[in-house]
Each structure stands twice: as structure tokens, then as C-alpha cells.
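Fold and geometry: a report
The chain contents come next:
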Amino acid sequence: MEPRISIITLGVKNLKKSFDFYTTLGFPSSRKPEDGIIFFKTSGVCLALYPLDELAEDVFPSLNSNPSGFSGVTFAHNTRSKVEVDSILELAKTAGGNIEKPAQNVFWGGYSGYFSDPDGYLWEIAFGDCWEFNEDGSLIIK
């Protein structure tokens with residue numbers, strides 16, 4: 001297996017609401033909710049939205065599609081400045097997301113905060129002055 005992730009799919013309760021949320025954040029897509037699945041172009045991994053019940057059925061027919069509590073998974077968007085962290089968190093709030101942890105200086109020396117999308121998926125928006133980026137915006141891992 002090649003060490004890469006091609007698509008991350010989020011099971012969502014309301015495809016249109018989630019589509020509107022992510023397009024407001026600036027995620028580009030050539031798909032519409034009536035297509036039944038959304039693919040967003042990002043730098044590297046494709047982010048997909050799919051109806052939660054249908055995704056649960058695809059994985060395993062008897063799977064509970066209504067999980068509760070913290071799943072142990074977060075997504076991260078790394079920025080080039082602290083100002084960008086604050087700006088993106090505000091955009092997420094305006095788009096209908098919830099600020100779960102306001103931006104603040106954190107133990108590892110960076111600056112970050114968290115928001116949740118309409119389905120409760122957690123996104124960390126973070127800045128670290130030691131990070132470097134490729135031209136496409138992807139993080140350089142050393």
C-alpha cells in the first residue's frame with residue numbers, strides 16, 4: 001500500500017447544510033447536493049460529504065449511525081499566521097459552525113483553536129512559526 005490518503009469522507013445528516021457550510025469556508029466543488037455525494041478539492045486529500053445513514057449502511061448494515069461523544073478524530077488546517085487562525089475561526093462561526101475552543105497560545109508553542117461543523121466534526125485551526133509549506137499549501141513534514 002502506498003502511504004497516502006486519497007479521500008476522507010464525512011457522514012453528514014444534511015447534505016445541503018454541510019455543502020453550504022464548506023463552500024462558505026471556501027472549499028471548491030463541481031458537485032451539488034442533488035448529486036448525492038460531494039467532493040471538495042483540497043491540496044492533496046479529497047474531502048467528501050455523504051449522507052450519514054447511507055455511509056453507515058455501506059460500511060456495515062447494522063452499524064449505529066448515531067455515534068455520541070468524542071470520536072478521537074480531528075482535522076487540522078495549518079495556517080501561516082495567527083491572524084489567519086482568528087479569521088478562519090470567525091468564518092466558520094459565521095458559516096454556522098460552533099467555536100469549541102477559542103484560539104489561544106498552546107503548550108507546544110503554537111496558536112490554535114477548534115470549531116465543529118454542522119455534524120460535530122472537529123477542526124483545529126493552528127499556526128506554528130516553525131512550519132513550512134509547499135507551494136500548494138500542504139505542510140512540509142520533516
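Fair warning: this is a prediction, and the values are worked out from it, not measured in the lab. (Residues numbered from 1 in each chain as written. Predicted model: local features only at pLDDT ≥ 70, side-chain atom pairs only at ≥ 80, totals over all residues. Heavy atoms only, no water.)

**Remarks on the nonpolar core**
Core analysis: the biggest nonpolar cluster contains 22 residues, and Tyr22, Phe40, Leu49 and Phe115 have the highest contact counts within it. Counting only elements with at least two residues in this core, the list comes to β1 (7–12), α1 (15–24), β2 (38–40), β3 (46–51), α3 (82–94), β6 (111–116) and β7 (122–127). Ignoring anything within four residues of it in the chain, the contact list for Phe40 reads Phe19, Tyr22, Thr23, Phe27, Pro28, Ser29, Cys46, Leu47 and Leu49. (Core = buried A, V, L, I, M, F, W, Y, C linked by side-chain atoms within 4.5 Å. Buried < 20%, exposed > 50% of the residue type's maximum accessible area, 1.4 Å probe, protein only. Helix = DSSP H or I, 4+ residues; strand = E, 2+ residues; numbered from the N terminus. Contact = heavy atoms within 4.5 Å.)

**Structural notes on the sheet that holds β3**
Sheet strands pair via backbone hydrogen bonds, and the direction of the pair is either parallel or antiparallel. Ordered in space as β1-β3-β2, the 3 strands form an open sheet in which the pairing is mixed. Every interior strand has two partners, whereas the edge strands, β1 and β2, have only one. The mean angle between the axes of side-by-side strands here comes to 20°, regardless of whether they run parallel or antiparallel. Of the strand pairs in this sheet, β2 and β3 are connected by 3 bridges, and their pairing is antiparallel. Its bridge partner lying in β3, Ile38 is registered against Leu49. Those strands touched by α1 are β1, β2 and β3, and its axis lies near 155° from that of β3. Along the sheet face, helix α2 (residues 52–59) touches β1 and β3 and points at about 100° away from the line of β3. (Pairing = 2+ DSSP bridges. Axes fitted to C-alpha atoms, helices over the stretch in contact; angles between N-to-C directions.)

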